[in-house]
Amino acid sequence: MSHVATKAPAKTATKAAAKKAAPKPAPATKAARKPVATLSLSSKNYSSWSLRGWLMAKFAGLEFEEVMVSPDDADARKELLLLAPSIRVPALTHDGAKVWNTLAIAQYLDEIKPDAGMMPKDRIARAHCRSVSGEMNSGFANLRASLPMNLKAHHPGYKIWAGAQPDIDRIVEIWTECLATYGGPFLFGKQRSMADAMYAPVATRFLTYDVKLNKPCIQYCQTIMAMPEMKEWVAAAKKEPDDIEELDMDF
Ligand SMILES: N[C@@H](CCC(=O)N[C@@H](CS)C(=O)NCC(=O)O)C(=O)O
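To keep things clear, this report deals only with the structure shown in the data block. Small disclaimer: the values here were computed from a predicted structure and weren't measured.

## Side note on the environment of P71
Right, so step 1: Within the fold, P71 resides in the loop between β3 (65-68) and α3 (74-83).
Right, so step 2: Assessed through the 20 C-beta atoms surrounding it within 10 Å, P71 is described here as buried.
Right, so step 3: Distance from P71 to L41, taken between C-alpha atoms, is 9.8 Å for residues 30 residues apart in sequence.

And the structure:
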């Protein structure tokens, strides 16, 4: 496993006078800099679940360290088992808590960062957000199997397997309804929510496989791809070595 610390939030400058008077801080020790949270992830190019968990942690404003787990590395998988009994990524550790499964991570982040907007405040919108996020977490098997996330690829005119079309139609229905009801640009309005993290990998798939969409859904895909966090993830994915094999698992 490799650990990659994410950039800590910039500290605000203190007044010059206070700075002069303040004793020089001791150099940060390893223990003092120990991150409160870790997030286990696998390939940034292929692992759509990793992207979902990572976006959620970013949306929540959580400071965390990335733990990259290669699915081929038996030792790394043994270590992952200690963090996630499912041996799946993403897996979050935070302040003594172990959280695996993307939906559980979203709900946990909402608890520890209640003002981050992981879910809308309004009860009815919140129920809607939970429902469409749950639908992504447990459904769309045909879409996932036939249009795997691959951020490096682009297949203009890709022939979509008929079995995946009902999944695409249902996602278009969800997005179109959310964008019309809450006014966009995100699924639940101006604030990004767990639902946007859940569907972000789908936006990448629609672009990779040249899926024909209505105008609101095209705009939504553009909104997702334009997020700074998304740009950061895609840039890292593109730097991954090409010899990472597309894995025969639920990506
Ligand atoms: N819905 C699950 C899916 C997680 C999942 O399938 N993760 C894949 C990577 S994208 C994984 O870890 N696969 C490893 C394996 O199956 O051995 C979640 O939210 O955690």
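## Points about helix α7 (residues 165-182)
Right, so step 1: Taking 1.5 Å as the rise per residue, α7 with 18 residues should run 26 Å; its terminal C-alpha atoms sit 26 Å apart, in good agreement.
Right, so step 2: On its buried face, α7 sits against α5 (123-138), α6 (141-146), α8 (194-208) and α9 (215-226).
Right, so step 3: A positive backbone phi angle near 85 degrees is found at G183, which sits one or two residues after α7.

## Here's the deal with the packing of helix α2 (residues 48-60) against α8
Right, so step 1: Direction vectors running N to C along α2 and α8 enclose 150 degrees, while the axes themselves pass 8 Å from each other. The angle between α2 and α8 places the two elements in the roughly antiparallel class. Handedness of the α2/α8 crossing: right-handed. Residues S48, L51, R52, L55, M56 and F59 of α2 form the contact with α8, whose own contacting residues are M194, A197, M198, A200 and P201.

## Describing the pairing of β3
Right, so step 1: Direction of pairing for strand β2 (residues 37-41) relative to β3: parallel, over a ladder of four bridges. Its bridge partner lying in β3, S40 is registered against V67.
Right, so step 2: Handedness of the crossover joining β2 and β3 through α2 is recorded here as right-handed.

## Re unusual backbone geometry
Right, so step 1: In the segment running from V89 into P90, the intervening peptide bond is cis, with an omega of 5 degrees.
Right, so step 2: When you line up the elements, P90 lands in the loop between α3 and β4 (91-94).
Right, so step 3: With an omega of 0 degrees, the peptide bond between G184 and P185 qualifies as cis.
Right, so step 4: Unusually for a residue other than glycine, D95 sits at a positive phi of about 50 degrees.
Right, so step 5: Using a count of 7 C-beta atoms within 10 Å as the deciding quantity, one classes D95 as exposed.

The rules behind these values
- Residues numbered from 1 in each chain as written.
- Predicted model: local features only at pLDDT ≥ 70, side-chain atom pairs only at ≥ 80, totals over all residues.
- Helix = DSSP H or I, 4+ residues; strand = E, 2+ residues; numbered from the N terminus.
- Buried ≥ 20, exposed ≤ 12 C-beta atoms within 10 Å, placed from the backbone.
- Expected span 1.5 Å × (residues − 1).
- Contact = placed C-beta atoms within 7 Å.
- Axes fitted to C-alpha atoms, helices over the stretch in contact; angles between N-to-C directions.
- Parallel < 35°, antiparallel > 145°, perpendicular 65-115°, else oblique.
- Left-handed = near helix turned anticlockwise from the far one by under 90°.
- Pairing = 2+ DSSP bridges.
- Right-handed = clockwise from strand over helix to strand, strands pointing away.

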